Amino acid sequence: MHRLATTKSPSRRNSPEPPAKDQADTLRKPVSPPEPKPRPENRRNTRSRSFFAAEQPFKVYPDRDDEEYQSLCRQVAEHGLLRPLVCTPEGHILSGHRRRRALEHLGSTDYPVEIVVGLSEEQKWARVHLENRHRSLSTAEKQQLGRAELLRNPNLSDRSIADLVGTCKETIANYRRALEASGEVPRTDHRVARNGQVHPATKPRRLPVYHTRLNHAPRHADTLSRIDPEKLPASKIILTNRDVVRAAHQERREALANSPLVRQPADARVYNCDFRSLAVRAKLQPGQVNLVWTDFPWSSEWLKKNGEAVVDFAIEYLAEDGAFATYYGNCPWLPELMAVLGKSLHYRGMLINLNQSQKKDQFFITKIARKSRQIFVWSKSPGWTFDPNDLGFTTDVYTGDPAEKEAHDWAQPVGESVHWLARLSRPGDLIVDLCAGTGTGGVAVRRLGEGRLWVGSEVEEKTFRIARSKIAAGLPDGVPMAVARTPRRPPSPALVQMPDGSTHRLETLLSNANYKQVKGQGYLSMGLTLTPRDSGGSGLHLCRHATAGCGAACFAGWDRLNWPNAKRAMIARTLLLARDPDHFRAMVAYELQQAQQQADERGVPLVCRLNVVSDVPWEREWPELFAEYPRVRFMDYTKHVDRVLATDRPANYHLTFSRSEQNEADCRRVLEAGRNVVVVFRRKPIPETYWGYPVIDGDKDDLRFLDPSPAIVGVVAKGAGARRDKTGFVVDL
Ligand SMILES: C[S@@+](CC[C@H](N)C(=O)[O-])C[C@H]1O[C@@H](n2cnc3c(N)ncnc32)[C@H](O)[C@@H]1O
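Since the model is a prediction, treat every value here as computed from it, not as a measurement.

1. A few points about the overall build of the protein chain
Line of reasoning, step 1. Along its length, the protein chain carries 24 helices and 27 strands.
Line of reasoning, step 2. Considering the protein chain as a whole, with its 733 residues, one finds that 47% of them fall into the buried category.
Line of reasoning, step 3. A total of about 38400 Å² of accessible surface is found on the protein chain, and carbon and sulfur atoms cover 52% of it.

Written out as structure tokens, the structure is:
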């Protein structure tokens, strides 16, 4: 090995450790020095140009004519070569490619050279890298050097190569990925570190650990077993309840997105994509669509950019007798609209929506009246007409509600979509909305039912989520989809003077309702828990129709409630309602708005149970709440028979009548009126029928508004009070 590369052995004087005692004697004895191995000598001399090999395997980057090179040339011209070139006896330069070039550039024919002998291939490369580390390399050069090293020695670890090249291991890992992808470097399952140790190429991933203190571990065990650790971010080693619930939601969404469209009774599917990808995402077949019903952004720029693609979609996917309808809006782009769509489709006519509530007409040079919004209709084939007998047209003007705008300035009222889609489509038709916005068309199609299918694309993610939650909510007829609403200011927390003289601070009134979560999957549930009677001195008895039986079951439970903090919060909420109803309402309304936003972000409907353990007729006490939150599915159980039978109850408030030991006649009236009654049975299994009505398992979930009716909702007695009931409140079979 040549001198420069030899490492000195540490001298005894410098040795940090004194020799051990038993070694000392041996050391004192004269020891004959080992025979030095004959070593090849390096040589310094001059060599002519012809000495150098034509192929230079250790030259890893191309020549540069930059400032650094120019300055090297000047130096060589002025002072000659300060350091000789370093070469192998075969004429391969290990260090000095640029210096040799500078010498040639200056016309020299003889170069000072140090010839190193006896180096292994590894050692030659080490020398090359050592030299390079003293140079300022450009990124491109480092890249070349790194790539060369990877090609030469793919088993060397990224860190080792990075050290050789003078870069970081992440950069080398990037080069490696690219080279592996192109097949230039083989994928290896182990790497050799600088110290010669061999490691697996990829660190084995730690499996996620389910947090030991999870509340609902058994319930989520199933979901947990399906979580793919590979899909989790590296930091997610410990999973919480929330992670698992999220994973369950994701699973459900993916299953829904991949399931085939169901034709009964109506189905609507919205995709978060540009309309150009809709056919692929929704697996549409050419000629399959009966109606395109859409509402483009109202601008000629949008039309210029997208018009051709819209027409291409219509021509490819509309059935021969298919139609194409779009809102037009009061914008001056009618000529463009006609020109683009008219090229390949046949214009058929205009439908008009009148908004009676608009205070006055507005006239502009380019716009006519804000009181009306037009829909233009084209057909694919020239023979298509508005056939009154076939499609049931009686008029081409619809007078409806004002535009209900909530999340989106562009949202259209659902009523007019229902009106027109009933006339432009037939049962079983496939309707497509290329610019679905907040999904008004999808909601309309779900309301129309009769096997119609609706598929929409919405490019904005936030709007898409709103569309998804609106469609999923599947609100009954008569519920407006949205109302104008300004964001609420958060009310200050309430400070409630408690009966024991202390002050209780209420930050929120609604809580995430965890009752029967399994059945509530796919919904966001909130609940308002007040005290069931004048418990704890709240001064309000909120269960006017309570009987001895339900009292024993429910109030006894309350009296025994083991969580003092939960109990205090319930009393404080009830006191706030009694003493400062305005503050109470402001808090509930604000929290509902926040929850609705959260539900929209998750793309799920919001469910709210206002009487978790109370029985307040909220539709009478606070009717505006239901109008202000039309998309919230309010639901409760009640023992007020007139509340259940009332015909003027808000459409988004569902009530299930609750049987007690005293109200059998009312139960039968409720069932005869086509509504549902909840009955508490002593133990499982609950019967299949009761009083001749089918029994639904009410313990599976709390989404009562999804139940068919008339029916009995059977639940099993819970808590010691209910299980020991002798009043007849709990039914023995
Ligand atoms: C006029 S709004 C539709 C409003 C809808 N009628 C409603 O009631 O909510 C037009 C929608 O088209 C969406 N959009 C614009 N370009 C799109 C594209 N290339 N693909 C899909 N959606 C698009 C916009 O994000 C916007 O939400």
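2. Overview of helix α19 (residues 581-602)
Line of reasoning, step 1. If you check α19, its first and last C-alpha atoms are 31 Å apart, about what 22 residues at 1.5 Å a residue would give, namely 32 Å.
Line of reasoning, step 2. Looking one or two residues past α19, G603 carries a phi angle of roughly 75 degrees, positive in sign.

3. Here we look at the pairing of strand β27 (residues 712-716)
Looking along a regular strand, one sees side chains alternate from face to face of the sheet.
Line of reasoning, step 1. Here β27 lies mainly inside the structure; 5 of its 5 residues are buried.
Line of reasoning, step 2. Across the two faces of β27 the burial is the same, with I712, G714 and V716 and V713 and V715 all buried.
Line of reasoning, step 3. Pairing between strand β24 (residues 677-681) and β27: 5 bridges, direction parallel. Along β27, the bridge assignment pairs V677 with I712.

4. Observations concerning the nonpolar core
Line of reasoning, step 1. Ranked by internal contacts, the top residues of the largest apolar core, which has 51 residues, are F584, L592, W618 and F634.
Line of reasoning, step 2. Looking at this core, the element that brings in the most residues is α19, giving 7 residues.
Line of reasoning, step 3. Y271, A314, L318 and L434 belong to the second-largest nonpolar core, a separate cluster that totals 34 residues.

5. Description of the packing of aromatic side chains
Line of reasoning, step 1. Inspection of the entire model under this criterion finds 20 aromatic pairs.
Line of reasoning, step 2. Ring plane angle 70 degrees and centroid distance 5.9 Å describe the contact between W293 and Y327, whose orientation is recorded as edge-to-face. Residue W293 is found in strand β10 (residues 289-294), and its partner Y327 is found in strand β11 (residues 318-327); the two are separated by 34 residues along the sequence. No difference in accessibility class separates W293 from Y327, as the two residues are buried.
Line of reasoning, step 3. Between the aromatic rings of Y690 and W691, the centroid separation amounts to 4.9 Å while the plane-to-plane angle is 35 degrees, which identifies the pairing as tilted. An identical accessibility class is assigned to Y690 and W691; each is buried.

6. A few points about the site of the ligand
Line of reasoning, step 1. By nearness alone, 22 residues border the ligand, and D295, Q412, T438, T440 and E458 come closest of all.
Line of reasoning, step 2. W302 is positioned such that a nitrogen or oxygen atom in its side chain is 2.9 Å from a nitrogen atom of the ligand.
Line of reasoning, step 3. At 2.6 Å, a side-chain N or O of T438 approaches an oxygen atom of the ligand.
Line of reasoning, step 4. Out of a free accessible area of 610 Å², the ligand has 95% covered by protein chains.
Line of reasoning, step 5. Looking at the shell around the ligand residue by residue, the classes come out as 11 nonpolar, 7 polar and 4 charged.

7. Quick look at the pairing of strand β18 (residues 503-506)
Line of reasoning, step 1. Side-chain alternation along β18 places H504 and L506 on a buried face and T503 and R505 on a face that remains uncovered.
Line of reasoning, step 2. In the sheet, strand β17 (residues 494-497) pairs with β18 via 4 bridges, with the strands oriented antiparallel. Residue A494 lies in a different strand from β18, and its bridge partner there is L506.
Line of reasoning, step 3. Taken together, β17 and the strand that follows it, β18, pair antiparallel across an intervening segment of 5 residues, in which G501 is found at a positive phi of about 95 degrees.

8. Comments concerning the sheet that holds strand β26 (residues 693-697)
Line of reasoning, step 1. On the basis of which strands lie adjacent, the open sheet formed by 9 strands has the order β19-β20-β21-β22-β23-β24-β27-β26-β25 and mixed pairing. Only two strands of the sheet have a single partner each, and these edge strands are β19 (510-512) and β25 (689-690).
Line of reasoning, step 2. Summarising the sheet, β26 and β27 pair through 3 bridges and their orientation is parallel. From the neighbouring strand, I696 faces β27, where its bridge partner is V713.
Line of reasoning, step 3. Packed on one face of the sheet, α19 meets β19, β20 (524-528), β21 (606-609) and β22 (633-638) and runs near 170 degrees to β20.

9. Comments concerning the pattern of salt bridges
Line of reasoning, step 1. Under the defined criterion, the tally for this structure stands at 26 salt bridges.
Line of reasoning, step 2. Residue R152 is joined to E122 by a salt bridge in which the shortest nitrogen-to-oxygen separation is 3.7 Å. Placement of R152 in helix α5 (residues 139-152) and of E122 in helix α4 (residues 121-133) is noted, with a sequence separation of 30 residues between them.
Line of reasoning, step 3. Classification of R152 by relative accessible area gives partly exposed; the value is 28%.
Line of reasoning, step 4. Ionic contacts of the salt-bridge type, sharing partners, join the residues R609, D701, D702, R704 and D707 into one network.

10. Description of unusual backbone geometry
Excluding glycine, a negative phi dihedral is what most residues carry, and trans is how most peptide bonds are arranged.
Line of reasoning, step 1. For the bond running from K684 to P685, omega is -5 degrees, close enough to zero to count as cis.
Line of reasoning, step 2. Positionally, P685 belongs in the loop between β24 and β25.
Line of reasoning, step 3. With a phi angle near 50 degrees, W691 is a residue other than glycine that sits in the positive phi range.
Line of reasoning, step 4. By the secondary structure assignment, W691 is in the loop between β25 and β26.

11. Points about helix α16 (residues 461-473)
Line of reasoning, step 1. Between the first and last C-alpha of α16 there are 18 Å, a value that for 13 residues agrees with the 18 Å anticipated at 1.5 Å per step.
Line of reasoning, step 2. Where α16 is concerned, the buried positions are T463, F464, I466, A467, S469, K470, I471 and A473.

The rules behind each value
Residues numbered from 1 in each chain as written. Predicted model: local features only at pLDDT ≥ 70, side-chain atom pairs only at ≥ 80, totals over all residues. Heavy atoms only, no water. Helix = DSSP H or I, 4+ residues; strand = E, 2+ residues; numbered from the N terminus. Buried < 20%, exposed > 50% of the residue type's maximum accessible area, 1.4 Å probe, protein only. Areas by Shrake-Rupley, 256 points an atom, 1.4 Å probe, with all protein chains shown as cover. Expected span 1.5 Å × (residues − 1). Pairing = 2+ DSSP bridges. Core = buried A, V, L, I, M, F, W, Y, C linked by side-chain atoms within 4.5 Å. Phe/Tyr/Trp six-rings, centres within 6.5 Å; stacked < 30°, edge-to-face > 60°. Near = heavy atom within 4 Å. Polar contact = N/O pair within 3.5 Å; in protein donor to acceptor, adjacent residues only side chain to side chain. Nonpolar A, V, L, I, M, F, W, Y, C, P; charged D, E, K, R; others polar. Contact = heavy atoms within 4.5 Å. Axes fitted to C-alpha atoms, helices over the stretch in contact; angles between N-to-C directions. Salt bridge = Lys/Arg side-chain N within 4 Å of Asp/Glu carboxyl O.

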